[in-house]
Amino acid sequence: MSLDIEGNKREFIELLRSTGRDGVDDLIDYLDDGANHFFTAPASVNHHLNEDGGLAQHSLNVCHAALQLRELVLKVRPDLERKLSRDSVIIASLLHDINKADIYRPTIKRKLVNGIWTDVPTYDINYSNFPMGHGEKSAIMALWAGLDITQDELLAIRWHMTAWDLPFQSYEAMKNINEARDSHPLCALVQLADGIAANLFEAQEIFSS
């Protein structure tokens, strides 16, 4: 599948700018500079959207899912509208994986294809540039870029991986993720949207047969 890289870039930028948040243009420049390759990076190496432009496509998929989930939630819990503002949903969902902008590098690997060893384009992973982690790195990158970002948004980005990003030997980390989810509805919303995007929207090869 060939992704519309330029179209996705335009939509991503339009959605971010629609929030009117200070620092948005600085963030966009940061994601698209010589060191980061957000708009052309894959979303993964071996799993969902492991192709050029996959990361931006995944981020948009999460944002679309999150905005639709927000509408469903507010029909039942209109009292959560302030904590689930449209701007916060857009920012947290679009930026949850920006940590991946600088870790993937195109390469060629030998793989068996129909019983024949073949040179296959793929990616290597290199964590040497600021090896901070996953959700926490995305949150810090948004701050570094100068975005005016709220505590709720930072927490939703930090904990979007749910327990998959939790060191189970850490009692403190377990208490933090539970508190973030229980006290900040945006965390739960982005977690759900990320799972829907990766496991349903982007799993065509699983459900097509």
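Presented here is an overview of the structure given in this document. (Residues numbered from 1 in each chain as written. Predicted model: local features only at pLDDT ≥ 70, side-chain atom pairs only at ≥ 80, totals over all residues. Heavy atoms only, no water.)

Some words on the layout of surface pockets
For step 1, the next point in the chain: For the largest pocket, the calculated volume is near 750 Å³.
For step 2, the next point in the chain: Residue lining of the largest pocket: 29 residues in total, with A43, H48, K100, H134 and M161 positioned closest to the centre.
For step 3, the next point in the chain: A per-element tally of the lining of the largest pocket places helix 8 (residues 185–201) first, with five residues.
For step 4, the next point in the chain: Here the lining of the largest pocket is built from residues that sort into twelve nonpolar, 13 polar and four charged. (1 Å grid on protein atoms, 1.4 Å probe; cavity = no way out; pocket = protein on both sides within 12 Å on 5 of 7 lines; lining within 4 Å. Points joined across faces, edges and corners; volume = space filled by probe spheres on them. Helix = DSSP H or I, 4+ residues; strand = E, 2+ residues; numbered from the N terminus. Nonpolar A, V, L, I, M, F, W, Y, C, P; charged D, E, K, R; others polar.)

Observations concerning the pairing of strand 1 (residues 104–113)
For step 1, the next point in the chain: Note that strand 1 and strand 2 (residues 116–125) share ten bridges and pair antiparallel. Note that in strand 2 the partner of K111 across the bridge is T118.
For step 2, the next point in the chain: The loop that links strand 1 with its antiparallel partner strand 2 comprises two residues; one of these, N114, has a positive phi angle of about 55°. (Pairing = 2+ DSSP bridges.)

Topic: the side chain of D194
For step 1, the next point in the chain: Examined against the element boundaries, D194 turns out to sit in helix 8.
For step 2, the next point in the chain: At 3.4 Å, the side chain of D194 and the side chain of H96 are in polar contact.
For step 3, the next point in the chain: Those residues in contact with D194 that lie beyond four places of it in its chain are H58, V62, H96 and H160. (Polar contact = N/O pair within 3.5 Å; in protein donor to acceptor, adjacent residues only side chain to side chain. Contact = heavy atoms within 4.5 Å.)

Things to note about unusual backbone geometry
In terms of backbone geometry, most residues other than glycine have negative phi values and most peptide bonds are trans.
For step 1, the next point in the chain: At N114, a position not held by glycine, the phi torsion is positive, near 55°.
For step 2, the next point in the chain: One non-glycine residue, F130, adopts positive backbone phi at about 60°.
For step 3, the next point in the chain: Turning to its location among the elements, F130 is positioned in the loop between strand 2 and helix 5 (135–144).
For step 4, the next point in the chain: Of the residues examined, F130 reaches a relative accessible area of 23% and is grouped as partly exposed. (Buried < 20%, exposed > 50% of the residue type's maximum accessible area, 1.4 Å probe, protein only.)

Concerning the nonpolar core
For step 1, the next point in the chain: Judged by nonpolar contacts, the single largest core of 48 residues is most densely connected at F12, L16, F38, L94, L95 and L186.
For step 2, the next point in the chain: Counting residues per element, the ones that place at least two in this core are helix 1 (5–18), helix 2 (24–31), helix 3 (54–76), helix 4 (86–95), helix 5, helix 6 (151–158), helix 7 (171–183) and helix 8.
For step 3, the next point in the chain: Of the residues forming this core, the biggest block, ten residues, is contributed by helix 3.
For step 4, the next point in the chain: Aside from chain neighbours lying at most four places away, what touches L94 is F12, L15, L16, F38, S59, L60 and C63. (Core = buried A, V, L, I, M, F, W, Y, C linked by side-chain atoms within 4.5 Å.)

Notes on the environment of A197
For step 1, the next point in the chain: With respect to the helices, strands and loops of the structure, A197 is situated in helix 8.
For step 2, the next point in the chain: Note: C-alpha distance between A197 and L60 (137 residues apart in sequence) is 9.0 Å.
For step 3, the next point in the chain: Setting aside residues up to four positions removed in sequence, A197 forms contacts with H58, N61, V62 and E202.

Some thoughts on the pattern of salt bridges
Pairing is possible between side chains of opposite charge, provided their charged atoms come close.
For step 1, the next point in the chain: Across all of its chains, the model carries eleven salt bridges by this definition.
For step 2, the next point in the chain: Among the salt bridges present, the one from E153 reaches R21, with a minimum N-O distance of 2.9 Å. Placement of E153 in helix 6 and of R21 in the loop between helix 1 and helix 2 is noted, with a sequence separation of 132 residues between them. Here E153 matches R21 in class, with each residue buried.
For step 3, the next point in the chain: Salt-bridge contacts for D119 lead to R110; the nearest nitrogen and oxygen are separated by 3.2 Å.
For step 4, the next point in the chain: Assessed through its relative accessible area of 52%, R110 is described here as exposed. (Salt bridge = Lys/Arg side-chain N within 4 Å of Asp/Glu carboxyl O.)

So, helix 5
For step 1, the next point in the chain: For helix 5, the full list of buried residues reads G135, K137, S138, A139, M141 and A142.
For step 2, the next point in the chain: Against the buried residues of helix 5 lie helix 2, helix 4 and helix 6.
For step 3, the next point in the chain: Within two residues after helix 5, G146 carries a phi angle of roughly 95°, on the positive side.

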